[in-house]
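Residue-level structural notes
Next come the chains, spelled out residue by residue.
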Amino acid sequence: MDWSQFGNFAVRYLPQLWNGMLVTIAVAALAAPTALAIGVLLTVPRVAGWRLPSALVRAYVEVMRNTPLLVQMYLLFFGLPLVGIFWGEITCGVLAVALQHAAFLSELLRSGIAAVGAKQWEAGQAIGMRRWAIFRQIVLPQAAIKVMAPVSNQLIVLVKDTSLVSAIGVLDLTLSGKVIIERSGASFEVFILVAALYLILTSVIGAGFRVSEMRFSRRLG
């Protein structure tokens, strides 16, 4: 690679990569809250101790965690039309990313709640609090502090996993890079730029999570 020409190369193709990065941000912005919402819903039966729903959730979590995201994405994109459901590539990509990461998030949330000791429940009951009040005012704030860091990390992994939507034709940052490579033949230079843009994106998101975590801890502390 001619490093003396790398600057000119970057200036030429960064606008195209930036457009792809905006698509990546959009996919992540849709998938992350969806995954978190589904993860919370999956956590409820486990925490409440509902036997049949809990068993179904455990089965879902095992399937989603132990099969590749790309395969799940293909099943949605190519399988849904077979049953008469025609969704666009972005919808299928967002849904696939959200459904898998919801399984991981539900386990993180469940473990965070389980990490709050039984004595916290007993203390609340001793002063006459109802079970829901104990959970909302005592258990949940403590669990939130415990899970903020791992949940933040999982959401950053989600952002990186959005690169797989390129496999079903979403013109995100990764696919934009592949298109440039086909036109220019400069694969190494392009992947350096793509990696740098992903690094910038995840670093900004990570910094935002850390600031939010510190503020939340101070508020509860």
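Numbering of residues starts from 1 in each chain and follows the order in which that chain's sequence is written. Restriction of local features to residues with pLDDT of at least 70 applies here, the model being predicted, together with a cutoff of 80 or more for giving and counting side-chain atom pairs; totals for whole chains, interfaces and linings are based on all residues. Neither water nor hydrogens contribute to the side-chain values; these are computed over all heavy atoms in the structure.

Identification of the chain as Amino acid ABC transporter permease from Bradyrhizobium barranii subsp. barranii is taken from an unreviewed UniProt entry.

Some details on the layout of surface pockets
Note the threshold: Only protein atoms enter the 1 Å grid, on which a cavity is a set of points fitting a 1.4 Å probe that cannot get out and a pocket is an open set with protein on both sides within 12 Å along at least 5 of 7 lines, lining residues being those with an atom within 4 Å of a point. Grid points are joined across faces, edges and corners, and a volume is the space filled by probe spheres set on the points. Runs of E in the DSSP output that reach at least two residues are strands. Runs of H or I that reach at least four are helices, and both are numbered from the N terminus. Throughout, the ten residues Ala, Val, Leu, Ile, Met, Phe, Trp, Tyr, Cys and Pro are labelled nonpolar, Asp, Glu, Lys and Arg are labelled charged, and all others, Gly among them, are labelled polar.
If you add up the space inside the largest pocket, you get close to 420 Å³. The wall of the largest pocket is formed by 17 residues, among which Val47, Ile113, Trp132, Phe135 and Leu140 lie closest to the centre. Secondary-structure elements contributing two or more residues to the lining of the largest pocket are α1 (6-48), α4 (89-114) and α6 (131-161). The dominant element in the lining of the largest pocket, judged by the number of residues it contributes, is α6, at eight residues. In terms of residue class, the lining of the largest pocket is built from 15 nonpolar, one polar and one charged.

Remarks on the packing of α1 against α4
Put simply, the test is: Angles run from 0 to 180 degrees between N-to-C directions of axes, and those axes are lines fitted to C-alpha atoms, restricted for helices to the stretch in contact. Note on terminology: angles under 35 degrees are roughly parallel, angles over 145 are roughly antiparallel, angles of 65 to 115 are roughly perpendicular, and the others are oblique. The sense of a crossing depends on the near helix, which, turned anticlockwise from the far helix by less than a right angle, makes the crossing left-handed and, turned clockwise, makes it right-handed.
One way to put it is that α1 packs onto α4 with a least axis distance of 6 Å and a crossing angle of 45 degrees. One way to sum up the angle between α1 and α4 is to call them oblique. When you trace α1 past α4, the crossing you get is right-handed.

Side note on the UniProt feature "transmembrane region" (unreviewed entry) in the chain
Note the following rule: UniProt positions are given in the numbering used here, feature names are shortened, and annotations may be inferred rather than shown by experiment.
If you check UniProt for "transmembrane region" (unreviewed entry), the listed places come out as residues 20-44, 74-99 and 190-209 in our numbering. Summarising residues 20-44: 100% helix, 0% strand, and an end-to-end C-alpha distance of 37 Å. Taken as a whole, residues 74-99 contains 65% helix and 0% strand, while its terminal C-alpha atoms sit 13 Å from one another.

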